[in-house]
Amino acid sequence: SAVISQKPSRDICQRGTSLTIQCQVDSQVTMMFWYRQQPGQSLTLIATANQGSEATYESGFVIDKFPISRPNLTFSTLTVSNMSPEDSSIYLCSAAGGFAEAFFGQGTRLTVV
Amino acid sequence: QKEVEQNSGPLSVPEGAIASLNCTYSDRGSQSFFWYRQYSGKSPELIMSIYSNGDKEDGRFTAQLNKASQYVSLLIRDSQPSDSATYLCAVDGRMDSSYKLIFGSGTRLLVRP
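Reading guide: rules and limits
- Residues numbered from 1 in each chain as written.
- Chains lettered and ligands numbered in written order.
- Predicted model: local features only at pLDDT ≥ 70, side-chain atom pairs only at ≥ 80, totals over all residues.
- Heavy atoms only, no water.
- Salt bridge = Lys/Arg side-chain N within 4 Å of Asp/Glu carboxyl O.
- Helix = DSSP H or I, 4+ residues; strand = E, 2+ residues; numbered from the N terminus.
- Buried < 20%, exposed > 50% of the residue type's maximum accessible area, 1.4 Å probe, protein only.
- Disulfide = S-S within 2.5 Å.
- Pairing = 2+ DSSP bridges.
- Axes fitted to C-alpha atoms, helices over the stretch in contact; angles between N-to-C directions.
- Contact = heavy atoms within 4.5 Å.
- Polar contact = N/O pair within 3.5 Å; in protein donor to acceptor, adjacent residues only side chain to side chain.

1. Considering the pattern of salt bridges
1) Next: In total, this model carries 5 salt bridges over all chains according to the counting rule given.
2) Next: Close ionic contact of A:Lys65 with A:Asp87 constitutes a salt bridge, the shortest N to O distance being 2.6 Å. Of this pair, A:Lys65 sits in the loop between strand 6 (56–57) and strand 7 (68–72) while A:Asp87 sits in the loop between strand 8 (75–80) and strand 9 (89–96), placing them 22 residues apart in sequence.
3) Next: For A:Asp87, a relative accessible area of 5% corresponds to the buried category.
4) Next: Among the ionic pairs, B:Glu45 bridges to B:Arg37, the shortest N-O distance being 3.0 Å.

Right, here's the structure in full:
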């Protein structure tokens, strides 16, 4: 299994600002994903981070709001831009070594005030 | 829209009993099926994966897959209070060369001492 380090673990941000979340995997992985989880809710996939190319976004999520980078096979960032209180959530990085099980980072708890 | 359905619960069982968690999925092309456990305030943790019809056992956990009925289940034998958590069913939603996991809404399990 892959070990995934995500930071920051939590942050409180002012509305209108941006936050970049980093995700580091301890081994090369094929797939990296970013999820959002609202309190008491299940996971919603934001996008698949593609190495060397633009991320693939799910319906309802756009690059201008959630720009994603993946410069290599072990690292990705998610930026939450121009934040509003509605963006308060837990953001989770996930990685999979192919068409197989995915593992999760510890998550970033974001509060926008 | 590919979907994964779970009963939200809570499912309450006494300590030592068998807990049975169920999941149905809509995409007949799915080939990989996973159960994750999520404690409150923590990220999801993979507990079982299953890829072929039948049963797969790992300790107190048994995953069951029936592709014809599009049904996945998780049995937890000798349930312990420490098993109290939300259990997420995940199914692969692969299309061409892309791959992602689609999560159900989760079933909350309460094991009464």
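Continuing now.
2. Concerning the state of the cysteines
All names here are of chain A.
1) Next: If you walk through the whole model with that rule in mind, you get 2 disulfides over all chains.
2) Next: What pairs with cysteine 23 in a disulfide is cysteine 93, and their sulfur atoms sit 1.8 Å apart. Disulfide cysteine 23 to cysteine 93: torsion about the S-S bond roughly -65°, handedness left-handed. Note that cysteine 23 is positioned in strand 3 (residues 19–25) and cysteine 93 in strand 9, a separation of 70 residues in sequence.

3. Topic: the sheet that holds strand 1 (residues 4–6) of chain B
All names here are of chain B.
1) Next: A sheet is described by the order of its strands in space; here 5 strands give the open sequence 1-3-8-7-6, paired in antiparallel fashion. Edge strands, defined here as strands with exactly one partner in the open sheet, are strand 1 and strand 6 (54–58). When strand polarity is set aside, the average angle formed by the axes of neighbouring strands in this sheet is 20°.

4. Quick notes on the interface of chain A and chain B
1) Next: Between chain A and chain B, the residue contacts involve 20 residues of the former and 20 residues of the latter.
2) Next: Of the charged contacts, one joins A:Glu58 and B:Lys100 as a salt bridge, the two residues approaching to 2.7 Å between their closest N and O atoms.
3) Next: Scanning the region where chain A abuts chain B turns up 7 residue pairs in polar contact (both at pLDDT 80 or more).
4) Next: Breaking the side of chain A that touches chain B down by element, the ones donating at least two residues are strand 4 (31–37), strand 5 (43–49) and strand 10 (102–104) of chain A.
5) Next: Here the side of chain A that touches chain B gets 4 residues from one element, more than from any other, and that element is strand 4 of chain A.

5. Observations concerning the pairing of strand 8 (residues 71–76) of chain B
All names here are of chain B.
1) Next: With 6 bridges connecting them, strand 3 (residues 19–25) and strand 8 associate as antiparallel partners. Each residue of the ladder has a partner; that of cysteine 23, found in strand 8, is valine 72.
2) Next: Summarising the sheet, strand 7 (residues 61–66) and strand 8 pair through 6 bridges and their orientation is antiparallel. In the strand pairing of strand 8, phenylalanine 61 is matched with isoleucine 76.
3) Next: Once strand 7 ends, the chain turns through 4 residues before running back antiparallel as strand 8, passing glutamine 70 with a positive phi of about 55°.

6. Quick look at the sheet that holds strand 8 of chain A
All names here are of chain A.
1) Next: Strands sit in the order 1-3-8-7 across an open sheet of 4 strands; the sheet is antiparallel. Strand pairing shows two members of the sheet lacking a second neighbour, strand 1 (4–7) and strand 7, which therefore form its edges. Neighbour-to-neighbour, the strand axes of the sheet open up by a mean angle of 15°, direction not taken into account.
2) Next: When strand 3 meets strand 8, the two strands line up antiparallel, connected through 6 bridges. Following the sheet pairing, leucine 19 is matched in strand 8 by valine 80.

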